[in-house]
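For reference, the chains in residue letters:
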Amino acid sequence: MSDRFLLGHGTENDFVVLLDPDGDRWPEDRLGAALVRRLCERRSGLGGDGVLRVVRSVHVPDAPAVLGERLGECEWFMDHRNADGSHAEMCGNGIRFFLHVLVSEGLLDRAACADGVLVGTRGGPRRVGAGADGTYWVDMGPARPFGRGEATVAGRTFAGQAVSMGNPHLVCLTDADGGIDLDALDLTAQPGFDPGLFPEGVNVEFVQVLARPAEGADAHVRLRVHERGVGETRSCGTGACATAYAALAAGSDGPQRGTVVVDVPGGRLTVDVTPETTVLRGPAVVVATGGLTREWLDS
Ligand SMILES: N[C@@H](CCC[C@H](N)C(=O)O)C(=O)O
């Protein structure tokens, strides 16, 4: 046994975690895209939607550029890679799971995380916290709409709202398209999208609104998602946030505010939207820990 790893998930959005606090075990030239792809392989590797490297921000060459003057406030950096080896700016489930790993590995005290700690990401710093009920939350900042687009699946076109949560999303509310059977959509291939609107690619959400936002009651939606750099996943935290924003914005011109319960194939997330920010909450679970073998690493 050599290098230690953890496996786990947030609503079945699953990750391989590599511990590299001092940045000397998994530098970029060792943890390249090819190794990330092998780790995420579900038959010949460990299996995952992505890899999270747990590293102190001071050891990340990109950190000064993405964290600026807040570098000193972010002890830890979530170095996220999609299963295809690409970097993403942000990962909502990943950063919640990241905090759970810091706590379960004894690198942070859970009680000290009640009000949240700042974690560095390629999308900037984010406040992440541990709830008294065992869940983890992240303050993602405000959803930023940037136009309308279309997704195409098997020759059928869906209108959608483009939303940035640090990373790009196209949220398609399918009931606006005449009552699609969400479960029947074939998401085995990347949905078509406009590369002019999404030059860096896009995560595409298909959403059924189960309960519309109403005074005094939470809205309720369910979604399926095709993630950039991964494929269809069982959950997407930033996708849930973008969806909550789009569901509240549909048919309303005013500032968006409300709580949206988001059912994903892998469980349930809750998103609180205000004009100022977006807070995502949900479970995070470490499934296993182990060591990568020399045999596998050398093969
Ligand atoms: N699963 C994530 C999002 C991961 C990054 C995404 N695939 C991208 O490339 O933007 C989440 O929980 O937000």
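Note on numbering: residues in each chain are counted from 1, in written sequence order. Confidence filtering applies because this is a predicted model: local features only for residues at pLDDT of at least 70, side-chain atom pairs given and counted only at 80 or more, and all residues used for totals across whole chains, interfaces and linings.

*Asks:* What exactly am I supposed to notice about the overall build of the protein here?
*Replies:* A run of DSSP states H or I qualifies as a helix once it reaches four residues; a run of E qualifies as a strand once it reaches two. Both are numbered from the N-terminal end. When its secondary structure is counted, the protein shows 5 helices and 17 strands. The reference for a compact globule is 2.2 Å times residues^0.38; the radius of gyration itself is calculated from the C-alpha atoms. On C-alpha atoms alone, the protein measures out to a radius of gyration of 19 Å, which is about the 19 Å that the 2.2 N^0.38 rule sets for 299 residues. Considered along the principal axes of its C-alpha atoms, the protein spans approximately 55 × 40 × 35 Å. Three exposure classes are used. Buried residues have 20 or more other C-beta atoms within 10 Å of their own C-beta, exposed residues have 12 or fewer, and partly exposed residues fall in between, all C-beta atoms being placed from the backbone. Relative to its full complement of 299 residues, the protein shows a buried share of 46%. Note on contacts: each residue gets a C-beta atom placed from the backbone, and two residues are in contact if those atoms are within 7 Å. Within the protein, contacts between residues separated by at least 24 positions form 63% of all contacts whose residues are at least 6 apart in sequence.

*Asks:* Hey, could you run me through the site of the ligand in this one?
*Replies:* Here is the check we use: build the C-beta atom from the backbone, and if it is within 6 Å of the molecule or strand, call the residue near. Surveying the vicinity of the ligand reveals 17 residues, the closest of which are Ala88, Asn93, Asn167, Gly237 and Thr238. Of all the secondary structure elements, the ones that give two or more residues to the shell around the ligand are helix 3 (92-104) and helix 4 (237-249). The element that contributes the greatest number of residues to the shell around the ligand is helix 3, accounting for 3 residues. Basically, the charged four are Asp, Glu, Lys and Arg, the nonpolar ten are Ala, Val, Leu, Ile, Met, Phe, Trp, Tyr, Cys and Pro, and anything else, Gly included, counts as polar. Split by residue class, the shell around the ligand holds 4 nonpolar, 11 polar and 2 charged. Looking at which domains feed residues into the shell around the ligand, each of domain 1 (4-139 + 284-298) and domain 2 (144-276) supplies at least three. Where a domain begins and ends is set by an automatic assignment or by a domain database.

*Asks:* How should I be thinking about the UniProt feature "binding site: substrate" (unreviewed entry) in the protein in this particular structure?
*Replies:* When the UniProt feature table is mapped to this numbering, "binding site: substrate" (unreviewed entry) covers Asn13, Asn82, Gly92, Asn93, Asn167, Asn203, Glu227, Arg228, Gly237 and Thr238. By the element assignment, Asn82 lies in strand 4 (residues 76-82). Look at Asn82 and you get buried, because 23 C-beta atoms sit within 10 Å. Residue contacts for Asn82: discarding those within four places in its chain leaves Gly50, Ala88, Arg228, Gly229 and Val230. Positionally, Asn167 belongs in the loop between strand 9 (156-164) and strand 10 (168-173). UniProt positions are given in the numbering used here, feature names are shortened, and annotations may be inferred rather than shown by experiment.

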